[in-house]
Amino acid sequence: MGLMSKILGGDQSRTAEDYVELNLDDVAAESANAAMQVRIAEVGGQADAIDIKDAVYDGDIVIADITRLRTEDSTVEHIIDELRQVAREVDGDIVRKGDDQMIITPTGVRVSREKIGQSL
């Protein structure tokens, strides 16, 4: 029996009913004073890319949902190039996760390319 099994109570399997959805209204207001935030964005066009760039320049991490963009559209490559340029300018990082998400980070934050919990 591993440490986590001891903490969680054995080898019981979990179901969706074992988890509780958290309400963001229950989070303390003090968390708004953090030096860095993780921001979520939905990219549907060029204007959304501007908002993402502003957030990264302000020092926030952005997880962008790009599923609304059509992959054959040249706008997609233009937006991705703009976001790459921002990551370069602030000495941050950018990574595309599948076809539907991008993570853009500010100065001093790198995205690991190794998945946690993946045994080789």
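Structural data are supplied above this passage.
Reference entry: report on the structure contained in this document. Please read all numbers here as calculations on a predicted model, not as lab measurements. (Residues numbered from 1 in each chain as written. Predicted model: local features only at pLDDT ≥ 70, side-chain atom pairs only at ≥ 80, totals over all residues. Heavy atoms only, no water.)

1. Considerations on the pattern of salt bridges
Definition in use: Definition used for salt bridges: Asp or Glu carboxyl oxygen within 4 Å of a side-chain nitrogen of Lys or Arg. Secondary structure elements follow DSSP: runs of H or I no shorter than four residues count as helices, runs of E no shorter than two count as strands, and numbering proceeds from the N terminus. Buried residues are those whose accessible area, probed at 1.4 Å on protein chains only, stays under 20% of the maximum for their type, while exposed residues exceed 50% and partly exposed ones sit between those limits.
Tallied over the full model, the rule gives six salt bridges. Among the salt bridges present, the one from E42 reaches R68, with a minimum N-O distance of 3.3 Å. Of this pair, E42 sits in strand β1 (residues 38–42) while R68 is found in the loop between β2 (61–65) and α3 (74–89), placing the two residues 26 residues apart along the sequence. R113 is the partner of D93 in a salt bridge, and the nearest nitrogen-oxygen pair spans 2.6 Å. With D93 in strand β3 (residues 93–97) and R113 in the segment after β4 (101–105), this residue pair connects regions lying 20 residues apart in the sequence. Residue classification places D93 among the buried residues on the basis of a relative accessible area of 10%.

2. Observations concerning the sheet that holds β1
The condition that has to hold: By the convention used here, strands pair only if DSSP detects at least 2 bridges between them. To define axes, lines are fitted to C-alpha atoms, for helices over the stretch in contact only, and angles between the resulting N-to-C directions are given on a 0 to 180 degree scale. In what follows, residue pairs with any heavy atoms lying within 4.5 Å of each other are defined as contacts.
Taken together, four strands build an open sheet; the order of strands is β1-β2-β4-β3 and the sheet is mixed. Looking at which strands have only one partner, the edges of the open sheet turn out to be β1 and β3. The mean angle between the axes of side-by-side strands here comes to 15 degrees, regardless of whether they run parallel or antiparallel. When β2 meets β4, the two strands line up antiparallel, connected through four bridges. Note that in β4 the partner of V62 across the bridge is I104. Of the strands in this sheet, β1, β2 and β4 touch helix α2 (residues 46–57), which is tilted by about 160 degrees from β2. In this fold α3 packs onto β3 and β4, with an angle of close to 145 degrees to the strand it touches most, β3.

3. Observations concerning the packing of α2 against α3
Our working rule: Should an angle lie under 35 degrees it is considered roughly parallel, over 145 roughly antiparallel, and from 65 to 115 roughly perpendicular; all remaining angles are considered oblique. Side-chain classes are defined by residue name, with Ala, Val, Leu, Ile, Met, Phe, Trp, Tyr, Cys and Pro counting as nonpolar, Asp, Glu, Lys and Arg as charged, and the others, Gly among them, as polar.
Packing of α2 against α3 leaves a shortest axis separation of 10 Å and a crossing angle of 10 degrees. Considering their axes alone, α2 and α3 lie roughly parallel with respect to each other. Seen from α2, the contacting residues are Q46, A49, I52, K53, V56 and Y57; seen from α3, they are H78, I79, E82, L83, V86 and E89. Counted by class, the contact of α2 with α3 contains seven nonpolar, two polar and three charged residues.

4. Structural notes on unusual backbone geometry
A positive phi angle, near 55 degrees, is found at D91, a position not held by glycine. Looking at the secondary structure, you find D91 in the loop between α3 and β3.

5. Considering the side chain of E82
Operational definition: Here a polar contact is recorded for every N or O atom pair within 3.5 Å, except that within protein the pair must consist of a potential hydrogen donor and a potential acceptor, and residues adjacent in sequence are included only if both atoms are side-chain atoms.
For E82, the location among the structural elements is in helix α3. The class of E82 is buried, set by a relative accessible area of 17%. At 2.3 Å, the side chain of E82 and the side chain of Q46 are in polar contact. Contact partners of E82, with chain neighbours within four places excluded, come to Q46 and K53.

Spatial relationships are all this shows, so hold off on functional conclusions.
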